[in-house]
Amino acid sequence: MAFNGSTIAALLDGAVSKGALHGVAAVVVDRNGQLFQHAAGEASARTLFRNASMTKAVATTAALQLVEQDD
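What comes next is a walk through the structure. (Residues numbered from 1 in each chain as written. Predicted model: local features only at pLDDT ≥ 70, side-chain atom pairs only at ≥ 80, totals over all residues. Heavy atoms only, no water.)

**Let's talk about helix H1 (residues 6–17)**
An α-helical turn contains 3.6 residues, so any two residues separated by three or four positions project in the same direction. In a regular helix each residue adds 1.5 Å, so 12 residues correspond to 16 Å; H1 covers 16 Å between its end C-alpha atoms and thus fits that length. Buried residues of H1: Ala 9, Leu 12 and Ala 15, and no others. For H1, the angular spread of buried residues about the axis comes to 130 degrees, placing them on one side. More than 90 degrees from the buried face of H1, the exposed residues found are Thr 7, Leu 11 and Ser 17. Buried residues in H1 make contact with strand S1 (23–30) and strand S2 (33–41). Gly 19, located one to two residues past H1, shows a positive phi value of around 85 degrees. (Helix = DSSP H or I, 4+ residues; strand = E, 2+ residues; numbered from the N terminus. Expected span 1.5 Å × (residues − 1). Buried < 20%, exposed > 50% of the residue type's maximum accessible area, 1.4 Å probe, protein only. Arc of directions from axis to C-beta. Contact = heavy atoms within 4.5 Å.)

Here it is, written out as structure tokens:
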């Protein structure tokens, strides 16, 4: 079954068109790779976003997943 991201794309496009966001991007992946990618407004597929408040949580989760894989 193929992933259909049309609902996500419509949500992102709607948020930008209503002025809630200047730009937004989303990527959906699974263990086999990328399933969906969409950007709206001032964002593009190559836009860099700052994720300062979540950096520690993401890095810790990634490190714990690597440790778990070694077991």
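**Brief notes about the environment of His 38**
With respect to the helices and strands, His 38 occurs in strand S2. Residues His 38 and Leu 64, spaced 26 residues apart in sequence, show a C-alpha to C-alpha distance of 29 Å. When near neighbours in sequence (up to four residues on either side) are disregarded, His 38 contacts Ala 9, Leu 12, Asp 13, Val 24, Ala 25 and Ala 26. Within the structure, the side chain of His 38 is placed 2.9 Å from the side chain of Asp 13, a separation counted as a polar contact. (Polar contact = N/O pair within 3.5 Å; in protein donor to acceptor, adjacent residues only side chain to side chain.)

**Overview of the environment of Ser 17**
Considering the arrangement of structural elements, one finds Ser 17 in helix H1. With relative accessibility at 61%, the residue Ser 17 sits in the exposed group.

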